[in-house]
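# Results of the structural survey
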Amino acid sequence: MLAFLKLLQSLVKELHSDGTPAQVAFGAALGAALGLTPIANVHNVVIFALLLLLNVSFGAGMLAWAVFVPLGFALDPLFHQIGRALLTSRALAPMWTSWFNAPLVPYTNFNNTVVLGSVVGWLVLFAPIFFLAKWLIVRYRATYGERVRQSKLYRAVTASQAYNVYRWFRPE
Amino acid sequence: MSTAGSAPSNALEARPARRRRGVVRWRGLIPIVVVLLAIVVGWLTMGEALLRNTIEEGATKFLGTEVDIASLHVRLRDATVELQGVSIADPFDRMRNLVEAQRVTAVLEGRPLLEKKIIVRTLTLAGVNTGTARRTAAAPAPRDGFAASTLRSLDTWAARLRKPIASFTPIDTIRAVVLDPTKLASVQRALEAGARADSLRDALAAGYRALALQTVHDSARAVTTRLSGANPRTLGIDGTRKAVADVRRTLAQVDSAKRRVEALARDARTTTVVLGAELQALDSARREDYAFARSLMKIPTIEGPDLGGALFGDVSIDRFQKIMYWAQMAQKYVPPGLLPREQPGPKRLRMAGSTIAFPKAREYPDFLLRRGDVDLGIGGKSAASGKYVASVTNVTTMPALVREPMRFTLSRRSTAGVVAAIDAAGVLDHVGGRIRDSLGVDASGVTLPSFPLPGLPMRATLGEGTSRIDLLRVGDRVAARWTIHAPGVTWRRTDSIATGGVKNTMQSLALRVIEGVNDLEIVADLTGEIAKPSLAVRSNLDRLLAERMRAVAGEEIAKAEAKARAQVDRIVEEKTAPLRAKADSLRAQGEQLVADARARLDEEKKKLDERLKALLPTGGLIKLPGEE
């Protein structure tokens, strides 16, 4: 419940004033990886660490994770096809053979069709997600932002003590 | 009103200017460190339990039977894993363990672990027991797994090998059956062949019509009639040239029709060959019908090979089935070659996808046990007592990388006063593209199986004896032999409801003969393609039994068999006679049609040639003006 509240708070705050649209959009584009690709993989640990360490919107990343999970499930058959095409390509076989016999690389599970396909899919979608999120946040702030800021719900959410924890990870 | 990207309101504009900071948020390190600490604490408290569960799950999936591990300890410093209380359930008997080990210690190589590869430098086993009883039944293999599907396919495989139960019916009650013609294979084949003959006849008639011979005849007759009595003097040069062209064009039509007739002749010959093959197939189907009629008449089995298969087939199949199971598992998990290998991905909420392995020459395989040795003695006077020496080398999932076949040896010497020794050696050679496996197991002084004799109210207890299994598998072919020698076999009559007790004099004779045998030798041979091998079982008992039964009832049985054959012959002759007549008629019809067509076309061609000669001076040696 506390985690959910924090997520809600961070989301609301991100949408309004914490961070530039680019920071929020970059956080969303990174967070999309958590939703689009199978979560229990090494690359997602890296993505999560980047969300924590980079000066981007952590809340937007968490929101994007939640938004992109169903999309990830829906696109799994497509990701499988993409991954399979790449992993079974004769031209790429020497590269995969070299990679997957190198230290640590096999732990990435990139030799799984869905993992590789979804990571490639996310990389392809990274720029569109970034620009779309940036455009949406600018539009939101220009239209509904101030009205929401004045609402009782917004004030109640931001007044919670848990919000203080979130402030550690808001963009500076 | 504000525009996109601009400050939306006065309230926002009033906010103090944000401080510009770098791209890194150093405070983010705090949760990362917290997570890392949580991982370390989690590993220290639950890591070994998680790893134990993972190994149990993986090994169960790999072997297709339940694998249990009581506890696991990892020593990271020297890359050693120690398992305690390891048991592997028997996939064919869920209340038994194939093998149990009190302690298994594996020393791994460190560098390959970075490549997600497990190279076991040494493996030590202690407290090994085989064939022990389980307190609880092992979980069955997952239904959708490879092991379960292999077990299912081997059940089908074994069912195909099973021999009919031996019949020991008294001669005086051999049934006089009335055969149902529709149940006979040759009648069914004859009906199918009859339908095929009809369609072949229709095709032949259609082919004849397609020749359009009447058009050619009409055209040829018209030309010969028109030019009858004509000569160059009456026709003039132009008329003659035109007439010659007409005759030649008609001749070309006749030649073309002749070629079509020859094609039809070939079709007719093919039809004859097809029907001949159908008739031959009827003869082999008739042999099946003899066996069917024989089974309906309950004629006693007196042939040695039939008796051997009927009495000892099941127990032999059971033995071969187990060997084939492990051979199939070895083929699945130790595939030959270095091509990328696709396997189903890990189970998860998301789609599993496929995981593809990319083996590389002169690199580590995913798993390799370079050498494992077991040398231990079990004291006391239990069945497991004895001195065991076993070794395995080059156990791997990628033999093409190791470039050495997997070898194993096992020997056991009893110290419990009972002479019991087992010597086993095997080679799994999957290094090249073609699998070559061999296995030899020699056991002496061991307790041999006890089993019921199918079709008889009797149970064989082979007692102690010797057993030898030899198997050679090359590609998809197998040759295996199981030999047992039971010098102290005992027979026990059973009067269960299922067998119904002793029913008649023939059965009584069979039982007496069997009880007189106290030294039993059985040899079972399995040969041929793995998917559909043939099984031959023979023994000194079935030879003796066949002799005695032939002496007592051979003449009567021969008469009954002749009767069965006569009945089948009568029905089959009756039902297949129309087909034979149809085949003869079709052959004759085809030949007649072709002969008629050839004769008519030859006649037309002759007349046209005569006309041409009459039109061309010097028989065509001198060309007419304008003629090409």
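Residues numbered from 1 in each chain as written. Chains lettered and ligands numbered in written order. Predicted model: local features only at pLDDT ≥ 70, side-chain atom pairs only at ≥ 80, totals over all residues. Heavy atoms only, no water.

### Concerning the confidence of the model for chain B
Residue and element names in this part refer to chain B. Looking at chain B, pLDDT values average 79 and 85% of them are 70 or higher. Put simply, helix H1 (residues 10–13) is where chain B has its lowest mean pLDDT, 44, and strand E1 (residues 67–75) is where it has its highest, 92. Low confidence marks residues 1–17, where pLDDT is under 50. Its contacts with residues over four positions away, or in another chain, come to 18 contacts. (pLDDT = per-residue confidence, 0-100. Helix = DSSP H or I, 4+ residues; strand = E, 2+ residues; numbered from the N terminus. Contact = heavy atoms within 4.5 Å.)

### Re the environment of Val392(B)
Residue and element names in this part refer to chain B. Mapped onto the secondary structure, Val392 falls in strand E8 (residues 386–396). We classify Val392 as partly exposed; its relative accessible area is 25%. Considered as a pair, Val392 and Gly426 are 34 residues apart in the sequence and their alpha carbons are 9.5 Å apart. Ignoring sequence-local partners within four residues, the contact set of Val392 consists of Leu369, Arg370, Arg371, Gly372, Arg407 and Phe408. (Buried < 20%, exposed > 50% of the residue type's maximum accessible area, 1.4 Å probe, protein only.)

### What about helix H6 (residues 113–143) of chain A?
Residue and element names in this part refer to chain A. An ideal rise of 1.5 Å per residue puts 45 Å on 31 residues; H6 measures up with 42 Å between its terminal C-alpha atoms. Roughly 45° is the biggest bend found in H6, and it falls at Leu125, with proline Pro128 one to four residues downstream. Backbone nitrogen of Val114 and a side-chain oxygen of the N-cap are separated by 3.0 Å at the start of H6; the cap is Asn112. (Expected span 1.5 Å × (residues − 1). Bend = angle between axes of the 7 residues up to and from the residue. Polar contact = N/O pair within 3.5 Å; in protein donor to acceptor, adjacent residues only side chain to side chain.)

### A closer look at unusual backbone geometry
Phi at Asn109(A) takes a positive value of approximately 60°, unusual for a residue other than glycine. Classification of Asn109(A) as partly exposed rests on a relative accessible area of 22%. Backbone geometry places Lys116(B), a non-glycine residue, at a positive phi of 60°.

### A short note on the packing of aromatic side chains
Centre distance and the angle of the planes are the two values used to describe a pair of aromatic rings. One pass over the structure, following the stated rule, counts 10 aromatic pairs over all chains. Taking the centre distance of 5.6 Å and the plane angle of 85° together, the rings of Trp96(A) and Trp99(A) count as edge-to-face. Here Trp96(A) and its partner Trp99(A) are both found in helix H5 (residues 93–99), 3 residues apart, which amounts to about one turn of the helix. Of the residues examined, Trp99(A) reaches a relative accessible area of 39% and is grouped as partly exposed. Ring plane angle 85° and centroid distance 6.0 Å describe the contact between Phe312(B) and Phe451(B), whose orientation is recorded as edge-to-face. Pair noted here: Phe312(B) is in helix H8 (residues 304–333) and Phe451(B) is in strand E12 (residues 450–452), with a separation of 139 residues, a long-range link. (Phe/Tyr/Trp six-rings, centres within 6.5 Å; stacked < 30°, edge-to-face > 60°.)

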